[in-house]
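# Summary of structural features
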Amino acid sequence: LKIINALAGIVLKGKNVNDFILGKPVQIFERALAEFCGAKYAFGVASGTDALILSLKACDIGPGDEVIVPAVSFYSSAGAISWVNAKPVFVDVSPKDHNIDILKIEKAVNSRTKAIIAVHLNGRMADMDEILRIAKNNSLKVIADASHAIGSRYKDRPVGNFGDLICLSFNPTKTLGGCGDGGAILTSDAALAQKISQLRIYGAPRWQEIHHNNTIIGAASRLGVLEAAVLNEKLPHLDSAIAKQRENYFFYKEILENTGDLEWPEEHPDYFINSYRLPVLVQKRDELIQFLEKRGEKLYNWYPVPLPYLPVFKNLGYKEGDFEVAEKIAGECVILPTSYLLAKEKMRQIASLIKEFFH
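Now for a look at the structure at hand. (Residues numbered from 1 in each chain as written. Predicted model: local features only at pLDDT ≥ 70, side-chain atom pairs only at ≥ 80, totals over all residues. Heavy atoms only, no water.)

## Points about the layout of surface pockets
Put simply, the largest pocket is a space of about 940 Å³. Taken together, 44 residues form the lining of the largest pocket, with T173, K174, Y276, R277 and W302 sitting closest to its centre. Taken together, the elements giving at least two residues each to the lining of the largest pocket come down to α4 (48-58), α5 (76-83) and α12 (344-358). Of all the elements, α4 adds the most residues to the lining of the largest pocket, at 3 residues. Each pocket or cavity is described by its volume, and for the second largest pocket that value is around 340 Å³. Along the walls of the second largest pocket sit 19 residues, with L22, Q27, E30, S197 and R200 positioned nearest its centre. Where the lining of the second largest pocket is concerned, the elements lending two or more residues are α3 (24-37) and β1 (41-45). Here the lining of the second largest pocket is composed, by residue class, of 10 nonpolar, 4 polar and 5 charged. (1 Å grid on protein atoms, 1.4 Å probe; cavity = no way out; pocket = protein on both sides within 12 Å on 5 of 7 lines; lining within 4 Å. Points joined across faces, edges and corners; volume = space filled by probe spheres on them. Helix = DSSP H or I, 4+ residues; strand = E, 2+ residues; numbered from the N terminus. Nonpolar A, V, L, I, M, F, W, Y, C, P; charged D, E, K, R; others polar.)

Take a look at the structure:
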């Protein structure tokens, strides 16, 4: 009801274009989001994908440049690199957490490398101290794809503390999800903040100057005021939603402990995960999924093909065997749902069926 009232207020009270484009709901949300995530600046954009593209553009990355990215993630983590006409250079992931393998990053760095995209997959942040050390030693920018990780922490510090630019998604499937597409870019760098601010409004310093003072090549990529109104109502409840997700995450691990050959992510006190998803490896993954589906439960592997093996990246010349861990995840991973909206009884039912499969 609060969301409906907020939306109605915008539609009925809006007097001009400034009320509907980057208006008050967006400004309120950006300030609250920056504070929640531990960054100085937040800029609402049209999607998490746009957040990545604009971040790469803000770092002046383009043709001839290379960007390191993990072999397991959603398409956009790598597709954004190609979108700005740079080259994605894939690095395998660690079996302990499915994030980029920090021991393999430096081998991928050369004179053309300009940045590292660190993906915080499934809500667990990557090993940012080590990634930032490698970046500093090689004069690289760090862009964090934190689409899964709002509310997560690394060494008791929030996502907005780590990286030159941090990208978020507010797709309805996310922990902080809206009613459509939406995203944001966080930064504490004033110069990068100015560039992001311009890039999302046609390259002009201010919205009022888009017709006569376009100083850089920009785009139209803004978080809508209606979307922001929804997010403003949901943000105050985010901590409680994350607490419920974490409860669900560890409930599975407790109830399914020592079940079959389930291989769980490694837990470590340096990481506070928002528990967006719980990835589990199982050797007979396809058989398990079929078993569950016949009994009315549909589970997925969201990463069935390593990114470098997608048809769109075939020209990069990667071949089977180049990414051993990514291939294992593609063949064995199943995602257990942890949404804060999920009832315990539903989780017990899923767990019970998994136990039945192994017996």
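The discussion continues.
## Observations regarding the packing of aromatic side chains
Inspection of every chain in the model, using the stated rule, returns 13 aromatic pairs. Centre to centre, the rings of Y154 and F162 are 5.3 Å apart; their planes meet at 80 degrees, and the pair counts as edge-to-face. Of the two residues, Y154 and F162, neither departs from the other in class, the shared state being buried. Between Y309 and F323, the ring centres sit 6.0 Å apart and the planes meet at 65 degrees, which makes this aromatic pair edge-to-face. Remark: F323 occurs in the loop between α10 (285-294) and α11 (324-332) and Y309 occurs in the loop between α10 and α11; sequence separation between them is 14 residues. Looking at Y309, the relative accessible area reads 23%, which means it is partly exposed. Three or more aromatic residues joined by ring pairs form one cluster here, namely Y75, F90, Y309, F313, Y318 and F323. In this structure, R124 packs its charged tip against the face of Y271, placed 3.9 Å from the ring centre. Cation over ring: R295 sits above F291, and NZ or CZ is 3.6 Å from the ring centre. (Phe/Tyr/Trp six-rings, centres within 6.5 Å; stacked < 30°, edge-to-face > 60°. Buried < 20%, exposed > 50% of the residue type's maximum accessible area, 1.4 Å probe, protein only. Lys NZ or Arg CZ within 6 Å of the ring centre and 35° of its normal.)

## Focus: the sheet that holds strand β8 (residues 165-169)
Neighbouring strands of a sheet are bound in pairs by backbone hydrogen bonds; such pairs are parallel or else antiparallel. The strand order β1-β9-β8-β5-β4-β2-β3 describes an open sheet built from 7 strands, whose pairing is mixed. Two strands bound the open sheet, and with one partner strand each, they are β1 and β3 (87-91). Put simply, the sheet's adjacent strands are angled 25 degrees from each other on average, direction ignored. Sheet topology places strand β2 (residues 66-70) next to β3; 5 bridges connect them, and they run parallel. Bridge pairing links I68 to V89 in β3. Across the face of the sheet, α3 comes into contact with β1, β8 and β9 (183-187) while running at roughly 125 degrees to β1. (Pairing = 2+ DSSP bridges. Axes fitted to C-alpha atoms, helices over the stretch in contact; angles between N-to-C directions. Contact = heavy atoms within 4.5 Å.)

## Notes on empty space enclosed by the protein
If you walk through the whole model with that rule in mind, you get 1 cavity of 30 Å³ or more. Lining of the largest cavity is provided by 13 residues; of these, D97, R124, Y249, P265 and I273 occupy positions nearest its centre.

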